[in-house]
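Letter by letter, the chains look like this.
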Amino acid sequence: MATGSENYLNLVKQAFKGELKLPAFQRDFKWNRKQVVLLYDSIRQAYPLGSVIFLEGSKQELKEREFKGASESASDLDTKQLVLDGQQRLTAGIDLFYGETQESRSQYFIDLQKLEAAIIEAAVDLDDEDAVEEFVRDLDTDTGYCVARRRVDDQFSLLVKKHLLSTVLLRPDNSKNRDYWVEVYEQTYPTKKTLIRNLVKPHFVVHQAPDIPFVSIDSKLQLDAISRIFATLNSTGKVLTPFELVVAVLFASNIDIRDDLAVLREVYPKLAKMDKTGEIILQTVVLLNQGNHKKSMLPKSISAEDWERDKDKAGRLLNQVGDFLTDHLGMALDKTDALVPYDSIFVPMAVLFDQIKYSEMPAKTRGQVNQKLMKWVVGSALSQRYQEGVHTKQSRDFESISTWIEKDDQDFAPAWLEEVSIPALRSVSPQGAIANLLRCLVNREKLEDPLTGDNVGFGMPNTNAHHIFPKKYVEKLAGWDATKGDKVDLALNLMQLSAETNSRFLNDDPCLQVKDAENSCGREKTERMFAKQGVLPEALAIMTKENKGRDDYWNFIKLRETYFEGLLKEFGFENNSHHEVYDDMEEA
């Protein structure tokens, strides 16, 4: 058995070429796009990347395979080593720095527009080396500076077309390609030269990746011993989370925030659904003390004194926010976290509750404040407010909403909130902030199953999401054409049923679903139960038609869209005449 260290990019290159391979019994590549982006961020900052374990040479009893995304000639090279531990990190590195093959799932880019926006927001002078150094040190992935896209053949040309710089060009040995495309970009956009030369080239090109410790096992080791070693591996290559780093920092002061958080979750039950990682309560403590609550800065921003003094206060305030969102917006934080459009709103709302002394307000005053708070939550979901630049928007929104409440004058309403309008709901997928908002609005009602009469709803036991027009049914509708954009998996095609009823309705003509419900509980009660879920009599009439076509399906969706638009207008929002379509399914 030998030990040593090897440069990460050298290992990635060997995996790409085929010198490193995998034992065939290894699981497939499992990391998502966000994990790959976080890996690049770690490489950029030269953070440690964990260790790897090799098996020397090729072992006859073990079938082997190439890394996903490896070069087409990888199978032709003799195997130098098999990778027992390190597949995820090395495969992610292939996607980041060699993402050109047909096998590449995704390609990764530095979004120069978002990077420049972050520079402007932070008021950084690109000619000031110290200021640039500090900006780069504090930069994290919340800004969206590194993005993933589906594979295309001309990824390098996206630099000129969309200001997206392929991470393949950031590989140190790819300077010829990089220089060519950077020159084309600078000729096309002369004003970007300073950004490229003072920020991107010195700080985003991977001039020297971290070294990775390795253990190399002799191939003569018995197969059962290799299997035991593999089964007990526990290194992930992931950088410690901000919460884990704060645990380490405060442990030196004899504080174990993991124990504290466990107690707080018992005392404040909604906290358990609101903050699974522990980072939200840490951010709340920091913002209560007017510190920098950016996640990456938490180990520096929080002190033992702050935590000991304000941990209970932060837990109580967050629980109050959970009560408010559950009682007024149907978020059901007593049962589930599945309805949260953005958990990023919890921190500024908790600190706002403290500043305005929400719990001490007279009922009349609180009623007026509630309307503004609800508009804030709904508007942030409709505009997808907290997708990027989160910590800056949190601080800004906390201050602007606080001023709006204090002045009690519509002229002080935040400008961004006044510009929010209702998008095209008919195109919203079942995932994402807007879909969760629509679920919340329905969940304010006491929903009942149309066959059993049982209470159903998000977070309720024995409840399933049901496609009102099932997939196998719509595919048979006259005129249905998925190639022209016809979709069944839409937020407006879902309702909540008991698991038993969902199983019974599965693949049924909607007409049969309604007839079953009427036979069970009568026409009047059926209409009432469906209406609670946003299916009003006119939409119900479409469901009960004997011979339906594609147009009937879309007319049904439009009727439900009108219903939800009506609910959203109650919060003070109007339709967007352009009906912008949001892609809630795009990964980070």
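Preceding this paragraph is the structure being described.
Residues numbered from 1 in each chain as written. Predicted model: local features only at pLDDT ≥ 70, side-chain atom pairs only at ≥ 80, totals over all residues. Heavy atoms only, no water.

Undergrad: Sorry if this is basic, but what is going on with the sheet that holds strand 9 (residues 211-217) here?
TA: Strand pairing in a sheet relies on backbone hydrogen bonds, with the paired strands running either antiparallel or parallel. Judged by pairing direction, the sheet is mixed, and its six strands sit side by side in the order 1-9-3-5-2-4 without closing on themselves. One side of each edge strand has no neighbouring strand; the edge strands of this open sheet are strand 1 (2-7) and strand 4 (64-65). Sheet topology note: the strand 2 (residues 20-23)/strand 4 ladder contains two bridges and is antiparallel. Paired with Leu22 across the bridge in strand 4 is Arg65. With respect to the sheet, helix 1 (residues 8-17) is in contact with strand 1, strand 2, strand 3 (52-56) and strand 9, its orientation differing from that of strand 1 by roughly 90°. Contacting strand 2, strand 3, strand 4 and strand 5 (81-85), helix 3 (residues 87-98) runs over the sheet at an angle of about 115° to strand 5. (Pairing = 2+ DSSP bridges. Helix = DSSP H or I, 4+ residues; strand = E, 2+ residues; numbered from the N terminus. Contact = heavy atoms within 4.5 Å. Axes fitted to C-alpha atoms, helices over the stretch in contact; angles between N-to-C directions.)

Undergrad: Quick question: what am I supposed to make of the pattern of salt bridges here?
TA: A side chain with one charge may pair with a side chain of the opposite charge, provided their charged atoms come close. Evaluated as defined, the whole model comprises 33 salt bridges. Of the charged contacts in the structure, one is a salt bridge between Asp154 and Lys161, with a shortest N-O distance of 2.9 Å. Residue Lys335 is joined to Asp334 by a salt bridge in which the shortest nitrogen-to-oxygen separation is 3.2 Å. Residue class for Lys335 comes out partly exposed when judged on its relative accessible area of 38%. Residues joined by salt bridges that share partners form a network here, namely Lys13, Arg171 and Asp173. (Salt bridge = Lys/Arg side-chain N within 4 Å of Asp/Glu carboxyl O. Buried < 20%, exposed > 50% of the residue type's maximum accessible area, 1.4 Å probe, protein only.)

Undergrad: Would you take a moment to explain the sheet that holds strand 8 (residues 164-166) for this structure?
TA: Ordered by their spatial adjacency, three strands build an open sheet running 7-6-8, and the pairing between neighbours is antiparallel. The strands lining the two open edges of the sheet, one partner per strand, are strand 7 (146-150) and strand 8. Geometrically, the sheet is characterised by an average inter-axis angle of 45° between neighbouring strands, direction not taken into account. In terms of strand pairing, strand 6 (residues 106-111) meets strand 8 through three bridges, oriented antiparallel. Residue Asp111 lies in a different strand from strand 8, and its bridge partner there is Leu164.

Undergrad: In this structure, what is going on with the packing of helix 5 (residues 129-138) against helix 8 (residues 193-203)? I would like to understand it.
TA: At a minimum axis distance of 11 Å, the contact between helix 5 and helix 8 shows a crossing angle of 45°. With respect to each other, helix 5 and helix 8 are oriented oblique. Here helix 5 and helix 8 pass one another in a crossing that is right-handed. Residues Val132, Glu133, Phe135 and Val136 of helix 5 form the contact with helix 8, whose own contacting residues are Asn198, Leu199 and His203. Class assignment for the residues of the contact of helix 5 with helix 8 results in four nonpolar, two polar and one charged. (Parallel < 35°, antiparallel > 145°, perpendicular 65-115°, else oblique. Left-handed = near helix turned anticlockwise from the far one by under 90°. Nonpolar A, V, L, I, M, F, W, Y, C, P; charged D, E, K, R; others polar.)

Undergrad: Hey, could you run me through the environment of Trp307 in this one?
TA: The topology assignment puts Trp307 in helix 15 (residues 304-329). With relative accessibility at 1%, the residue Trp307 sits in the buried group. With residues up to four places along the chain from it excluded, the contact list for Trp307 reads Leu250, Ile255, Ile257, Asp260, Leu264, Ile281, Leu282, Val285 and Ile302. Within polar-contact distance, the side chain of Trp307 engages the side chain of Asp260 at 2.8 Å. (Polar contact = N/O pair within 3.5 Å; in protein donor to acceptor, adjacent residues only side chain to side chain.)

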